[in-house]
Amino acid sequence: MLTSLRRKRGKRSARAALALCSAGALMLTAAGCGTDSGEADSGSPPPVTVKLPNLKGKQLQVTAVWTGTEQKNFTKVLAEFEKRTGAKVSFVPSGDDMAGFVGSKMAGGQPPDVALVGQVGVLREFAQKGWAKPVNDATKAELAKNFSKGWQELGSYKGKQYGVYFKVSNKSLIWYNTSAFAYAGAKEAKTWKEFLAQAQLISDSGTEPVSVGGADGWTLTDWFENVYLSQAGPEKYDLLAQHKIKWTDPSVKQALTTLAELWGAKGLLAGGRSGALQTAFPDSVVKAFSNAAEPDAAMVFEGDFAAANVSDAGAQLGSEAKVFPFPAVGKTAPVVTGGDVAVALKNSEASQALLTFLASPDAAHIWAQAGGFISANRKLDLSVYPNEPLRKIAKAVIAAGDNFRFDMSDQAPASFGGKPAQGEWKALQDFLKNPKDVEGIQRQLERDAAKAYRN
């Protein structure tokens, strides 16, 4: 959000994290979620389903948090837009603080034309300030044709459509090194109790079990959200997401106490708590997969977008690296989703045309076939995904229709849920540092939330 996502994202509605609280909906372990299976034609041209204007001589600047493989794949999408319209498009990474980046550009009078925002709360703030521009009729038509009402509503503010959800993710997956599991005699866990037991088994075998990218606060919010959704349930999740219950609520205490069973246990985190706090998300994946035979960690948690990082680390997806759903903490396993929404910061023909293109299955096709990408576009042919597990993840997102929930911190105001070194990111880093201080962290979270939500 990070890779993408994961970055933080307010329409505070009841539609906010995928209501796919069923591990059986995913069936992910037969193969990895990468690009090496050869099941899809990686070079197949995208369909042409949408008409775009001639933009020869026009220039566009686009910003998103993506770097590395994600940036490379997104620039392929932009290249197709250039080919079809004649426009010239440049890409500028924003860094994790999208709100701060765009704010500084606005202050300087030179905002990018289009931003892909990873937080619902940030999109709402941009719309409230007048920075984001409503989409035109052509984009509305594409959205109505290709996306469920729920995804359209997440891209709207006060009845006006501002955004196009281009890239979404299932953020409830555990990726594991098969060699480490085999050596320890470990197996995939279906419950939190089993997960802790398998982690201890791996630790006893001589491999540090769980790699945590704690230097990136968004990964810690994802840990909390998965535990909280499964344990407290979707109704409480909605209330906390809207700050209609306080962070001092007993349900939050229970979730933090559960997390402390992992974060506070001796020998379960790669590098210990201090090591986790110094590890960025991409490096947390490297620890588990850069040395397939003798890894520095056995498992890492994050969304489907981690497939690109696994591949970058040199692991063979489906053999050296496999994945299973986040274990059930309560009665059902959680599935939390996130997404990057494209918004126009300049109301130009070129900006609007790019949003129209991103709302089409044509644009989604390009990145989907490369892997490390999931689309909520109902008209995207699922066969374009490079393997069956990715198709199943994408199918589950589509099948959820309007019945979904979104990443909680991504719904919050950016000052609470989406900025490094403050709000929820900082509080959970403090909690990782000292997992015994449950009530102190609750008070810190509530203090910051009340200030951000102004209630």
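Looking at an unreviewed UniProt entry, the protein chain carries the name ABC transporter substrate-binding protein, with the source organism given as Streptomyces cuspidosporus. Reading the Sequence similarities (unreviewed entry) entry of the UniProt record for the protein chain gives the comment "Belongs to the bacterial solute-binding protein 1 family."

**Q** Where do I start with the environment of Tyr228 in this structure?
**A** Within the element layout of this structure, Tyr228 appears in helix H8 (residues 217–232). A relative accessible area of 0% places Tyr228 in the buried class. Spatially, the C-alpha atoms of Tyr228 and Leu259 are 9.5 Å apart, while their sequence positions differ by 31 residues. Those residues in contact with Tyr228 that sit more than four places away from it in its chain are Gly233, Lys236, Tyr237, Leu240, Ile245, Ser251, Val252, Ala255 and Met408. A distance of 2.6 Å separates a polar atom in the side chain of Tyr228 from a polar atom in the side chain of Ser251.

**Q** It is not clear to me how unusual backbone geometry should be interpreted in this structure. Could you clarify?
**A** Glycine aside, the phi torsion of most residues is negative, and most peptide linkages are trans. Phi at Lys158 is positive, roughly 50 degrees, even though this residue is not glycine. Mapped onto the elements, Lys158 comes out in the loop between strand E5 (156–157) and strand E6 (160–161). Given a relative accessible area of 72%, Lys158 falls into the exposed group. Positive phi, normally seen in glycine, also occurs at His243, with a value near 55 degrees. Note on placement: His243 falls in the loop between helix H9 (234–241) and helix H10 (250–263).

**Q** In this structure, what is going on with H8? I would like to understand it.
**A** An α-helical segment advances 3.6 residues per turn. Residues three or four places apart therefore align on the same side. Counted at 1.5 Å a residue, the expected span for H8 with its 16 residues is 22 Å, and the 22 Å between its end C-alpha atoms agrees. Counted residue by residue, H8 has 14 buried out of 16 residues, so it is predominantly covered. Just downstream of H8 lies Gly233, where phi reads positive at about 95 degrees.

**Q** What is the right way to read the sheet that holds strand E9 (residues 210–211) from this model?
**A** Taken together, the 4 strands give an open sheet; going across it, the order is E9-E10-E8-E11, and neighbouring strands pair in mixed fashion. The open sheet has two edge strands, E9 and strand E11 (321–325), and neither has a second partner. Sheet topology places E9 next to strand E10 (residues 299–301); 2 bridges connect them, and they run parallel. Its bridge partner being in E10, Ser211 is matched across the sheet by Val300.

**Q** Please explain the pairing of strand E7 (residues 163–170) as it appears in this structure.
**A** Both faces of the sheet carry side chains from a regular strand, because those side chains alternate between them. Here E7 lies mainly inside the structure; 8 of its 8 residues are buried. With 7 bridges joining them, E7 and strand E12 (residues 337–344) adopt antiparallel strand pairing. Note on E12: the bridge partner recorded for Ser169 is Gly338.

**Q** I would appreciate a short explanation of the sheet that holds E12 in the present structure.
**A** Picture the strands of a sheet paired through backbone hydrogen bonds; they go either parallel or antiparallel. If you trace the 5 strands from one edge of the open sheet to the other, you get E3-E2-E4-E12-E7, paired in mixed fashion. In this open sheet, the two edge strands, each paired with only one partner strand, are strand E3 (88–93) and E7. Strand-to-strand, the axes of this sheet are offset by a mean angle of 20 degrees, without reference to chain direction. With 6 bridges joining them, strand E2 (residues 59–64) and E3 adopt parallel strand pairing. Directly across from Gln59, in E3, lies its bridge partner Lys88. Running over the sheet, helix H3 (residues 120–129) touches strand E4 (114–117), E7 and E12 and is turned about 145 degrees from E4.

Scoring rules and cut-offs
- Residues numbered from 1 in each chain as written.
- Predicted model: local features only at pLDDT ≥ 70, side-chain atom pairs only at ≥ 80, totals over all residues.
- Heavy atoms only, no water.
- UniProt positions renumbered as here; feature names shortened; annotations may be inferred.
- Helix = DSSP H or I, 4+ residues; strand = E, 2+ residues; numbered from the N terminus.
- Buried < 20%, exposed > 50% of the residue type's maximum accessible area, 1.4 Å probe, protein only.
- Contact = heavy atoms within 4.5 Å.
- Polar contact = N/O pair within 3.5 Å; in protein donor to acceptor, adjacent residues only side chain to side chain.
- Expected span 1.5 Å × (residues − 1).
- Pairing = 2+ DSSP bridges.
- Axes fitted to C-alpha atoms, helices over the stretch in contact; angles between N-to-C directions.

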